[in-house]
Amino acid sequence: MSSYGAIGIDDNDTDPLLDDEPPRRLPPAGGVPIGRRRAISASQIGSVPSQSLSRQPYLFTGGLGLRDESLLSLHSEDDLHREHNNALRYRLYNRLDPGGEHLTMPDHVLPPNLFSILPFEELKDVSGKQGSIVTIFSIWNTMMGTSLLAMPWALQQAGLVLGIVIMLTMAAICFYTAYIVIESPKRLQDLSIDPLMTEFSDVCKSLFGRVGEYCAVVFSVCVLIGGVIVYWVLMSNFLYYTGAVVYEAMQPNSTTIPVMENKTFTCDVYCPEQMSQWTIPQWEKQIFDAVSELEGGETGDDSWSFDKFWTLRGTVPIYLAVALFPLMNFKSPTFFTKFNVLGTISVMYLLMFVFSKLLECGVNMDFSNPKSMHYVQLANMHFPALSGTLTLSYFIHNAVLTILRNQKNPENNARDLSIGYCLVAFCYVFIGFTFFAAFPVQRSCISDNFLNNFGAGDVLSSTARLFLLFQMITVLPLLMFLVRSQLFYAIFGQTWPGAFRVIVLNVMLIAIAVGFATFYPNVGSILRYVGSISGLVYVFALPAMVYIKQSSAAGTLTPLKKYAHYGIIVIGALNLIAQFVI
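Residues numbered from 1 in each chain as written. Predicted model: local features only at pLDDT ≥ 70, side-chain atom pairs only at ≥ 80, totals over all residues. Heavy atoms only, no water.

### With respect to the overall build of the chain
At step 1: For the chain, the count of helices and strands is 18 helices and zero strands.
At step 2: Residue pairs in contact within the chain that sit at least 24 positions apart in sequence constitute 79% of those at least 6 positions apart.
At step 3: Total accessible area on the chain stands at roughly 27,700 Å², and carbon and sulfur atoms take up 64% of it. (Helix = DSSP H or I, 4+ residues; strand = E, 2+ residues; numbered from the N terminus. Contact = heavy atoms within 4.5 Å. Areas by Shrake-Rupley, 256 points an atom, 1.4 Å probe, with all protein chains shown as cover.)

This is the structure:
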């Protein structure tokens, strides 16, 4: 490990701090006092003779029996305690792994390359660190997920002006709580915890005990499971329409793409009949439609037909389960991290796709005539659909410490995080507003997956479906790995408790995902409910409580700060309640 590469070691490859014999006395090169062992600084390397450049032992100069007043005066008591713990930790690590070449991070600390946009290690610098540009785009790439497809629908639910205000406000709140998360390890007073290798669940455990740790882990896992469900719904959708296009193109004398019956085409955009009015999901109808597709549709014909064996809410989600299940059981997902850059490419494509539709259809907005097909509401009472969706859209709190762990210049963490959030907010506003402004029919027709507003024969949308399908197939194993790692480490203390338990967990997760894709494939509703429930705890409550606890311990908590952070928790609670009331 690079953190031990500059630590010296004697010729016998053992830790001198553990030997019974007194240490060798070094010559006074570079001003090092005889009898005082210490790590050689980078500025002194050039002045030390070559024979002295063999690795020297780590030395703690402020304890272990030393009582030099001149040394003690240079350090605070906390510094001495921390250095003492580092010395003890080094003694243990050096005995376990002489030379520091094989010792790895704890199992529950996620490797930073899971979220990096760099597909290969060769693209990083010699120290394995990443600069601010890579860090910013890794943050951006991690947050820009499936909710991007639902953003025009969510904006329509809130109204144009109110929706944009909510988008920017939620971005500011989520950025601030994420900033609390990245600063929290540095403010821990528990000297036994290494801030550089700490996850937010470790911070919660240190401050609130096991209850805090389990809350962080459980709701982090809930977000990930919600992501798996949304991915499965969208992949089923993309695979179904892609398969339909391929099948139709293979038919004799086929010169056209499948005809969309009973659809209103305008500017290559159509309005699904079921989207004509906003309604609360009707579970009975959802189940009836799904069962009807599973039974072969309304024809009742037992003979083979493509429409019978290729149904959106019947067979396609099951085909996906059979095809993708082997990919879920890899012990390490390292191979799939090489495709992280596809997320950046897919977002860029969607931005260009939506902008091209704006150029094609023009701006279709009317602010004065409520009876006009293009009438735009500035505010709408259904705005909780947007705030709930955005809570999940801006969620990076369980991954931000991992992403920033490889930062070359940690002092830029706050700046890079803020730039990342600004880019994400810009993309959400751009996608939402552009599609909303260009939509050529009544806006109640906007689907919670805006690609559904385009026929399977639309070239650009078909290309987007195929590309997103491949990208999601490569990301899904990473999501399953994150669920498995966090859940199993919390229960069994290890991320791989055996193949049998991993397979059982994956079967359960896939069964849940297939169930939602079959009986409740409403992407927007899944996003808003998962976001509001998990966000209340992980985005609003835990960061605010951590800040209050740490500030109180440091004596810097004022009444204004206290009530302001309680207000953040109240906002999260109201956001959750509003999903079921308004």
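There is more to say after this.
### Concerning the state of the cysteines
At step 1: Enumeration over the complete set of coordinates arrives at one disulfide.
At step 2: Note on cysteine connectivity: Cys 271 is disulfide-linked to Cys 445, with sulfurs 1.8 Å apart. Across the disulfide from Cys 271 to Cys 445, rotation about the S-S bond amounts to roughly -80°, and the bridge is consequently left-handed. Here Cys 271 is found in the loop between helix H6 (200–249) and helix H7 (283–294), whereas its partner Cys 445 is found in the loop between helix H14 (413–438) and helix H15 (459–492), with 174 residues between them in sequence.
At step 3: Overall, Cys 271 belongs to the buried group, its relative accessible area being 10%.
At step 4: For Cys 445, a relative accessible area of 0% gives the class buried. (Disulfide = S-S within 2.5 Å. Buried < 20%, exposed > 50% of the residue type's maximum accessible area, 1.4 Å probe, protein only.)

### Observations regarding the packing of aromatic side chains
At step 1: Scanning the model with the defined rule gives 19 aromatic pairs in all.
At step 2: Taking 5.7 Å as the distance between ring centres and 85° as the angle between the ring planes, the aromatic pair formed by Phe 137 and Trp 140 counts as edge-to-face. A residue pair is termed a helical-turn pair when its members lie 3 or 4 positions apart in one helix, as Phe 137 and Trp 140 do in helix H3 (residues 132–143) at three residues.
At step 3: Look at Phe 137 and you get partly exposed, because its relative accessible area is 29%.
At step 4: Using a relative accessible area of 2% as the deciding quantity, one classes Trp 140 as buried.
At step 5: In textbook terms, an aromatic cluster arises when at least three aromatic residues are bridged by ring pairs, as seen for Phe 353, Phe 435, Phe 439, Phe 450 and Phe 454.
At step 6: In this structure, Arg 443 is placed above the aromatic ring of Phe 436, and the distance from its NZ or CZ to the ring centre is 4.8 Å.
At step 7: The cationic tip of Arg 465 hangs over the ring face of Tyr 241; the distance from NZ or CZ to the ring centre is 4.7 Å. (Phe/Tyr/Trp six-rings, centres within 6.5 Å; stacked < 30°, edge-to-face > 60°. Lys NZ or Arg CZ within 6 Å of the ring centre and 35° of its normal.)

### Topic: helix H11 (residues 341–361)
At step 1: Between the first and last C-alpha of H11 there are 31 Å, a value that for 21 residues agrees with the 30 Å anticipated at 1.5 Å per step.
At step 2: Looking at the buried residues of H11, the elements they touch are H3, helix H4 (147–158), H14 and H15. (Expected span 1.5 Å × (residues − 1).)

### As for the pattern of salt bridges
Opposite charge on two side chains permits them to pair, given that their charged atoms come into close proximity.
At step 1: Overall, the coordinates contain five salt bridges when judged by the stated rule.
At step 2: Among the ionic pairs, Glu 183 bridges to Lys 186, the shortest N-O distance being 3.4 Å.
At step 3: With a relative accessible area of 52%, Lys 186 lands in the exposed category.
At step 4: Put simply, Glu 360 and Lys 357 hold a salt bridge, and the shortest N to O gap is 3.5 Å. Of this pair, Glu 360 and Lys 357 both sit in helix H11, three residues apart, which is roughly one turn of that helix.
At step 5: Judged by its relative accessible area of 42%, Glu 360 is partly exposed. (Salt bridge = Lys/Arg side-chain N within 4 Å of Asp/Glu carboxyl O.)

### Some thoughts on the packing of helix H5 (residues 160–183) against H14
At step 1: Contact geometry for H5 and H14: axes closest at 10 Å, N-to-C directions at 160°. Taken together, the axes of H5 and H14 are roughly antiparallel relative to one another. Handedness of the crossing formed by H5 with H14: right-handed. Of the residues in H14, those in contact with Leu 160, Ile 164, Met 167, Leu 168, Ala 171, Cys 174, Phe 175, Ala 178, Tyr 179 and Ile 182 of H5 are Asn 413, Ala 414, Leu 417, Ser 418, Tyr 421, Ala 425, Tyr 428, Val 429, Phe 433 and Phe 436.
At step 2: The residue makeup of the contact of H5 with H14, split by class, is 18 nonpolar, two polar and no charged. (Axes fitted to C-alpha atoms, helices over the stretch in contact; angles between N-to-C directions. Parallel < 35°, antiparallel > 145°, perpendicular 65-115°, else oblique. Left-handed = near helix turned anticlockwise from the far one by under 90°. Nonpolar A, V, L, I, M, F, W, Y, C, P; charged D, E, K, R; others polar.)

### Here we look at the side chain of Thr 391
At step 1: Relative to the assigned elements, Thr 391 resides in helix H12 (residues 384–393).
At step 2: Aside from chain neighbours lying at most four places away, what touches Thr 391 is Met 170, Gly 531, Gly 535, Val 539, Phe 540 and Asn 575.

### A look at the environment of Val 539
At step 1: Secondary-structure assignment places Val 539 in helix H17 (residues 523–554).
At step 2: Under the relative-accessibility criterion, Val 539 is labelled buried at 0%.
At step 3: Considered as a pair, Val 539 and Tyr 394 are 145 residues apart in the sequence and their alpha carbons are 9.1 Å apart.
At step 4: Setting aside residues up to four positions removed in sequence, Val 539 forms contacts with Cys 174, Thr 177, Thr 391, Phe 395, His 397 and Ser 534.

### Quick notes on the packing of H17 against helix H18 (residues 559–581)
At step 1: Viewed as axis vectors pointing N to C, H17 and H18 meet at an angle of 170°, and their least axial separation amounts to 9 Å. Of the possible angle classes, the one that applies to H17 and H18 is roughly antiparallel.
At step 2: Split by residue class, the contact of H17 with H18 holds 16 nonpolar, five polar and three charged.

### Things to note about a nonpolar patch on the surface
At step 1: There is a patch of nonpolar side chains on the surface, built from Met 381, Ile 533, Val 570, Leu 574, Ile 577, Phe 580, Val 581 and Ile 582 and spanning about 800 Å² of accessible area.
At step 2: The topology assignment puts Leu 574 in helix H18.
At step 3: Its relative accessible area of 53% is what places Leu 574 among the exposed residues. (Patch = residues over 30% accessible without salt bridge, like charges linked within 9 Å, V, L, I, M, F, W, Y side chains within 5 Å.)

### Some details on the environment of Tyr 247
At step 1: Take Tyr 247: it is sitting in helix H6.
At step 2: As for Tyr 247 and Phe 306, which are separated by 59 residues in sequence, their C-alpha atoms are 8.3 Å apart.

### Concerning the environment of Trp 153
At step 1: By secondary structure assignment, the location of Trp 153 is in helix H4.
At step 2: Distance in space between the C-alpha atoms of Trp 153 and Phe 450 is 7.4 Å, their sequence separation being 297 residues.

### Topic: H4
At step 1: Spanning twelve residues, H4 covers 15 Å between terminal C-alpha atoms, matching the ideal 16 Å at 1.5 Å per step.
At step 2: Where burial is concerned, most of H4 is hidden: twelve out of the twelve residues are buried.
At step 3: Among the residues making up H4, those that are buried are Ser 147, Leu 148, Leu 149, Ala 150, Met 151, Pro 152, Trp 153, Ala 154, Leu 155, Gln 156, Gln 157 and Ala 158.
At step 4: Once H4 ends, the next one or two residues include Gly 159, with phi positive near 95°.

### Section: the confidence of the model for the chain
At step 1: Here the chain shows a mean pLDDT of 78. Residues at 70 or above account for 70%.
At step 2: The element-level mean pLDDT for the chain is lowest in helix H1 (residues 69–72), coming to 43, with H5 highest at 97.
At step 3: Predicted confidence for residues 274–283 stays below pLDDT 50, and this span has 15 contacts to residues more than four positions away or in other chains. (pLDDT = per-residue confidence, 0-100.)

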